[in-house]
Structures are given as C-alpha cells and as structure tokens.
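Each chain is listed here by its residues.
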There are 2 protein chains.
Amino acid sequence: MKNNNQVSVPVIKRLPRYHRYLEELKNMGVVRISSKELSQRMGLTASQIRQDLNCFGGFGQQGYGYNIEQLYNEIGLILGINKKSKAIMIGAGNLGHAIATHLHFENRGFDLVGIFDNNKNVVGTVVGGRTVMDSETLEDFCQKEQPVVAILCIPGEYAAENADKLVSLGIKGFWNFTQYDLMHRYEGVAVENVHLGDSLMTLCYQINKLSDSDEVTE
Amino acid sequence: MKNNNQVSVPVIKRLPRYHRYLEELKNMGVVRISSKELSQRMGLTASQIRQDLNCFGGFGQQGYGYNIEQLYNEIGLILGINKKSKAIMIGAGNLGHAIATHLHFENRGFDLVGIFDNNKNVVGTVVGGRTVMDSETLEDFCQKEQPVVAILCIPGEYAAENADKLVSLGIKGFWNFTQYDLMHRYEGVAVENVHLGDSLMTLCYQINKLSDSDEVTE
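Since we're looking at a predicted model, the values are computed, not measured.

The rules behind these values
- Residues numbered from 1 in each chain as written.
- Chains lettered and ligands numbered in written order.
- Predicted model: local features only at pLDDT ≥ 70, side-chain atom pairs only at ≥ 80, totals over all residues.
- Least-squares fit on C-alpha atoms with pLDDT ≥ 70 in both.
- Contact = placed C-beta atoms within 7 Å.
- Pairing = 2+ DSSP bridges.
- Helix = DSSP H or I, 4+ residues; strand = E, 2+ residues; numbered from the N terminus.
- Axes fitted to C-alpha atoms, helices over the stretch in contact; angles between N-to-C directions.
- Domains from an automatic or database assignment.
- Nonpolar A, V, L, I, M, F, W, Y, C, P; charged D, E, K, R; others polar.
- pLDDT = per-residue confidence, 0-100.
- Buried ≥ 20, exposed ≤ 12 C-beta atoms within 10 Å, placed from the backbone.

## Describing the relation of the copies chain B and chain A
The operation relating the two chain copies consists of a rotation about an axis and a shift along that axis. Turning chain B through 180° and shifting it by 0.0 Å along the axis lays it on chain A, with an RMSD of 0.0 Å. What the superposition gives is, in effect, a two-fold axis relating one chain to the other. Minimal C-alpha distance to the rotation axis in chain B is attained by Ala98(B), lying at 3.2 Å. When the interface residues of chain B are mapped onto chain A, 100% of them again lie at the interface, so the same face is used by both copies.

The following block contains the structure:
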C-alpha cells in the first residue's frame, strides 16, 4: 500500500461511502465490479473512482475490475475500523440516546465504553444497553479506561468547557454534535462535526433554488 | 444581489456556517467585523471569506469590514430560511424523536407539519409537541397539506420504496438519515444526506492516523 499521509480530505471523506456501497454489493453476492459500473451506482465518474483508489495503491486489475470483498476489506483496513478505539458519550438526552442506540459503533472502529450525563434523573438509566454514569465520575473513568474519543451530545453552550476538560483527560478526537465549532481549537486533536442545523439550511437553500427555477420556467 | 445560480456547492455548504458564526457574534453584541477577524474565528483565510461573499455580490466595505446584522440577514435571505417550507418526518423511532425535538426547524426555513410512523405503538404518541400519525394517512395528508420536504428517519431497507412514494406525492426534497444513498435517484429533487456512519468512519480514520504518527515520532 502506498504511503497515504498525503491523501486529501475529500478522498478520505469518500472512503466510508465506497465501504458502504461495497458492503451492499458484497451482501448481494456480487464478486467483481468494473470502475464504470461502480461509478454509475455511486454517481461519480469512473476516472474519479480510479483516481481515488489509486491514492492507496490501487486495487483494480485492468480489464478485470475490482474484487469486491478484497476492496471492501482493504478500505476497512485503511479506515482502521478493525482497531476499536474506546469512545465515551457526553450527554444522554434525546440526541445522545438516539445515537447510542442507532449506530453500530463496533462496525465503524469504535467501542462505546461509557455514557455520561450530569442530569441526576438520567444517571442510572440504561441507554443502548449501557448504564448512564454521573459526569462527576468522568475523570476517574478516563484515568482508568483511557478512552480516545468523546461524542458530544450536549447543548452548544457547554461544548467549549467540556471539550477543554476532555482534552486534558487524554481525549484525542471528538464526534461533535453541538452547534459549537471545535474544528480549530486544539492541535493534534481530530474533530468530526455533525452540524445538523447547517445540513438543514443547505437543504433549505436547495429547495428554494428549485422553486425559484420553477417560477422562471412556468 | 448577483445571480447566484452558478455558485458552487462548497460555497453553499459554507453559508450555514457563516450564518451560525454571525448569529453568535450578533448575540454577543458585536456590530462590525473584518474579514481577517472573521477568518481567524472560522479557521478560513480572509481571502476565502471575501471570495465566498463576493459570489453573492459582496457585503463588505473596504476598510470598514462587514456589518454583522446586515450580513447575517442577507445570508438568511440567500438561504431562504424566511420562507418556511412544509416538511414531514417519516419514522418516529429514536432518531426521528431526537431530530423532531432537538432541531429548531422554524429558524432554518422549515415548518415540521407532520410526523408519520407505521408502528401502531408509536402512532398517537406526542413527539416534540406533534402527534405521530399513521403512515396509512400519509397520502391524504400530502394531498391536503402539500409538504415539499420529507425527513427520512427509517431503516435503510425501506428508504427506496418510501422515497419513490413520497416523490409521487409531490415531495421535492429529502433530508435523508438512512444509509441508503438517494443522491442520484431522482431528477429535480434535492437531497441532503446525513450519513452518520460515514462520519463516524471518517473520525476513525483520523484517529488512527494520529496514533500512527505517534508511533513514528515516539
């Protein structure tokens, strides 16, 4: 495999999507696929797909296409989903509850080892098979378990202070569901933001653009 | 304002982020900001910000910076968040529940007018102040209310059939939380995907890359 330190962010962001499509094909019993067929399914160009996969050394054989299981496994290895980093969740409200129960962490490289909340009514309840712990025990827990990722499902106004504390406790990455942008706050800490409000506003723009063009053509 | 039909997707995707930062500054009572200051806060370059905002005709005055309230309002108008398109939600499980209660739809251009589920145990319950309706009543509801957007919070295997039906009922846009990729399925239908699993795997890659570089340098 090529050195992948220089792979660009857009390529990295497409890898989980390749992984998802390949999993679907694998589950359908498909063994091989050409870059052309894969591109049609995914709405990318065939040359885009070849370029992307070449960043990691390429897996296709000219004229034979890609072996789906092999490519699926290789992309999984590149993403590192076999390594199972320890993750904790901060905030077990509606959103935390949904994420803890909805996502298959273990298939995506993580082991959700603890859920914390400071609401005494929530502490002790079971969410996705895990008992919610008191935020006051967070420090002891981190020293003992050494989780590397924190999932922030708390209101935006508490994001900064919680993130500072978590970084001091050894957290190396955030899955950030708050409105607060952690992106450029820490050196050497990975941040993946899920700004649902931004996504909704992007859809709003698209919908209004569609109806504007209706008005022009009608 | 310039014709914004040709504005690129990455610029559009950044607009909600500008809106979010400007809202925060506005709430802090800040009146003006230079592109340099705004860029430092947002982790973009000042020239990137000037370029982005120039796509829409530019709002800054050389040497005076941007008037925050004006820029905030203008970006809101470009996004169309004042228009309040009617949206329905399909699926009131954990994830649907969280989204319906967590998001301020009305601040982001939408009015959530109905929530549907086919689970009889969920139908009739109240989620985010709205009573969940039976999916069997969806067709009548759409004919009467004419919603334009559907929020899909259902398992991936039901995404395609539900989306086909919704498009036939007049839906013009999807906020898609399923694993299924609706992106290239329909002409003239807007799709905004929130693939949480992809986001989690992207974080997995970043975390593993951090720990790889630790191993090299230690």
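There's plenty left to go through after this.
## Details of the sheet that holds strand 7 (residues 133-134) of chain A
Residues and elements named next belong to chain A. Pairing is parallel across the open sheet formed by six strands, whose spatial order is 7-4-3-8-9-10. At either end of the open sheet lies a strand with only one pairing partner, and these are strand 7 and strand 10 (190-193). Sheet topology note: the strand 9 (residues 173-176)/strand 10 ladder contains four bridges and is parallel. Counterpart to Gly 173 in the pairing with strand 10 is Ala 190. Along the sheet, helix 5 (residues 94-102) makes contact with strand 3 (85-90), strand 4 (110-117) and strand 8 (149-152), crossing strand 4 at roughly 155°.

## Quick word on the domain arrangement of chain A
Each assigned domain of chain A is listed with its residue range as follows: domain 1 (9-77) and domain 2 (85-198). In this structure, domain 1 of chain A and domain 2 of chain A have C-alpha centres spaced 32 Å apart.

## Some points on the interface of chain B and chain A
Between chain B and chain A, the contact holds 49 residues from the first and 49 residues from the second. Among the secondary structure elements, those contributing two or more residues to the side of chain B that touches chain A are helix 1 (9-27), helix 5 (94-102), strand 9 (173-176), strand 10 (190-193) and helix 8 (196-217) of chain B. The dominant element in the side of chain B that touches chain A, judged by the number of residues it contributes, is helix 8 of chain B, at 14 residues. Its residues placed into classes, the side of chain B that touches chain A shows 23 nonpolar, 18 polar and eight charged.

## Here we look at the confidence of the model for chain A
Regions with low pLDDT carry predicted coordinates that are not meant to be interpreted in detail. Per-residue pLDDT for chain A has a mean of 88; in total, 92% of the residues score no lower than 70. Both confidence scores are given for the complex: pTM 0.87, ipTM 0.89.

## Overview of the sheet that holds strand 3 (residues 85-90) of chain B
Strands pair in a sheet through their backbones, by hydrogen bonds, and they do so in one of two ways: parallel or antiparallel. Residues and elements named next belong to chain B. Taken in spatial order, the six strands of this open sheet run 7-4-3-8-9-10, and their pairing is parallel. The strands lining the two open edges of the sheet, one partner per strand, are strand 7 (133-134) and strand 10. Against the sheet, helix 5 contacts strand 3, strand 4 (110-117) and strand 8 (149-152), and its axis sits at roughly 155° relative to strand 4.

## Some words on unusual backbone geometry
A negative phi angle is the norm for most residues apart from glycine, just as the trans form is the norm for most peptide bonds. One non-glycine residue with positive phi stands out, namely Lys84(A), at about 55°. Structurally, Lys84(A) is set in the loop between helix 4 (68-79) and strand 3. Assessed through the 14 C-beta atoms surrounding it within 10 Å, Lys84(A) is described here as partly exposed. Non-glycine residue Gln146(B) carries a positive phi angle of around 50°. Mapped onto the secondary structure, Gln146(B) falls in the loop between helix 6 (138-145) and strand 8.

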